[in-house]
Amino acid sequence: MDARVLQIRALDKKTSDLKSAKNIVPQPSGWIKTVREAIGMIVSQLAARLGVTQPRITKMKSNEDNLKLSTMKKAAEAMNCEFVYYFKPKTTFQNLVDEQAQKKAAEVLKTVNVNMALENQEIAEDEAVKDFASDLINTKIKQIWD
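Residue numbers here run from 1 along each chain, matching the order of that chain's written sequence. Only residues with pLDDT of at least 70 are given local features in this predicted model, and only at 80 or more are side-chain atom pairs given and counted; all residues enter the totals for whole chains, interfaces and linings. Just so you know, side-chain values use all the structure's heavy atoms and leave hydrogens and water out.

Caption draft 1: Structural view of helix 1 (residues 3-16). Taking 1.5 Å per residue, 14 residues should reach 20 Å; helix 1 reaches 20 Å between its end C-alpha atoms and fits that length. Residue exposure (1.4 Å probe, protein chains only): buried if accessible area is under 20% of the type maximum, exposed if over 50%, otherwise partly exposed. A helix here means a DSSP run of H or I that spans at least four residues, while a strand means a run of E at least two residues long, and both kinds are numbered starting from the N terminus. Those residues of helix 1 that fall on the buried side of the exposure criterion are R4, V5, I8, D12 and T15. Seen end-on, helix 1 carries its buried residues on one side only, within an arc spanning 105 degrees. Opposite the packed face of helix 1, turned more than 90 degrees from it, sit the exposed residues A3, Q7, K13 and K14. One fewer than the residue count of a helix, multiplied by 1.5 Å, yields its expected span. By definition, the arc is the one covered by directions from the helix axis to the C-beta atoms.

As structure tokens, then:
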């Protein structure tokens, strides 16, 4: 079995437990402020724990989307939290790959079918797309993203 297949299965298994993360949405005021206020920590206390000034905390809050991951991790640790991030596919990683391979296969075969139609040799598209997509996944996975 291909190591990549094992890798994608393991990744899907690891992230399957995180399905409930659908309910986790960004907080309008930002995570730092939301958590800080929830645990009863004031800005000056967080600033002291991070070794920065109070205005820096205010800037962090207003620019949270652009903070470095290391800064987010430090802020989380200063509030006795763990900073976690991951890429969550809309379905599964396997479905993501399958769908992209189907799109790429259909795109390639559409071009082929135009040329074949001129010679009256068109191929059945549905089965050909499935077969070609499978071949792309198994032998030329990197090409599906071109």
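Still more to cover.
Caption draft 2: Just the nonpolar core, in detail. Note on terminology: a nonpolar core comprises buried Ala, Val, Leu, Ile, Met, Phe, Trp, Tyr and Cys residues joined through side-chain atoms within 4.5 Å. If you look at the biggest cluster of nonpolar residues, it comprises 13 residues, and the most contacted ones within it are V97, A101, A105, I137, I141 and I144. Looking at this core, the elements that each hand over two or more residues are helix 6 (93-118) and helix 7 (125-139). Contacts between residues were defined by any pair of non-hydrogen atoms, one from each residue, lying within 4.5 Å. If sequence neighbours within four positions are ignored, I137 has contacts with R4, V97, D98 and A101. Counting residues in each nonpolar core, the second largest holds 11 residues, with I32, A75, A78 and M79 among its members.

Caption draft 3: Quick peek at a negative patch on the surface. The patch calculation keeps residues exceeding 30% relative accessible area without a salt bridge and links them within 9 Å when they carry like charges or within 5 Å when they are nonpolar (Val, Leu, Ile, Met, Phe, Trp, Tyr). For the area figures, the Shrake-Rupley method with a 1.4 Å probe applies, and any residue is considered shielded solely by the protein chains shown. Salt bridge, as applied in this entry: a Lys or Arg side-chain nitrogen positioned within 4 Å of an Asp or Glu carboxyl oxygen. Only four residue types enter the charge count, namely Lys and Arg as positive and Asp and Glu as negative; His and the chain termini do not. Positions of charges follow a simple convention, taking NZ of Lys, CZ of Arg, CG of Asp or CD of Glu. A cluster of acidic residues, D126, E127, D131 and D135, forms a negative patch at the surface. Its location among the elements puts D126 in helix 7.

Caption draft 4: Highlighting the pattern of salt bridges. This model, assessed by the stated rule, comprises three salt bridges. The partner of E37 in a salt bridge is R36, with the nearest N and O atoms 3.9 Å apart. Accessibility expressed as a relative area gives 47% for E37, which makes it partly exposed. On the basis of relative accessibility, which here comes to 10%, the residue R36 falls in the buried class. Of the charged contacts, one joins K104 and E107 as a salt bridge, the two residues approaching to 3.5 Å between their closest N and O atoms. Taken together, the residues span about one helical turn, with K104 and E107 both in helix 6 at a distance of three residues. When its relative accessible area of 14% is taken as the criterion, K104 is described as buried.

Caption draft 5: Molecular detail of unusual backbone geometry. Within the chain, N80 stands out as a residue other than glycine whose phi angle is a positive 55 degrees. By secondary structure assignment, the location of N80 is in the loop between helix 5 (69-78) and helix 6.

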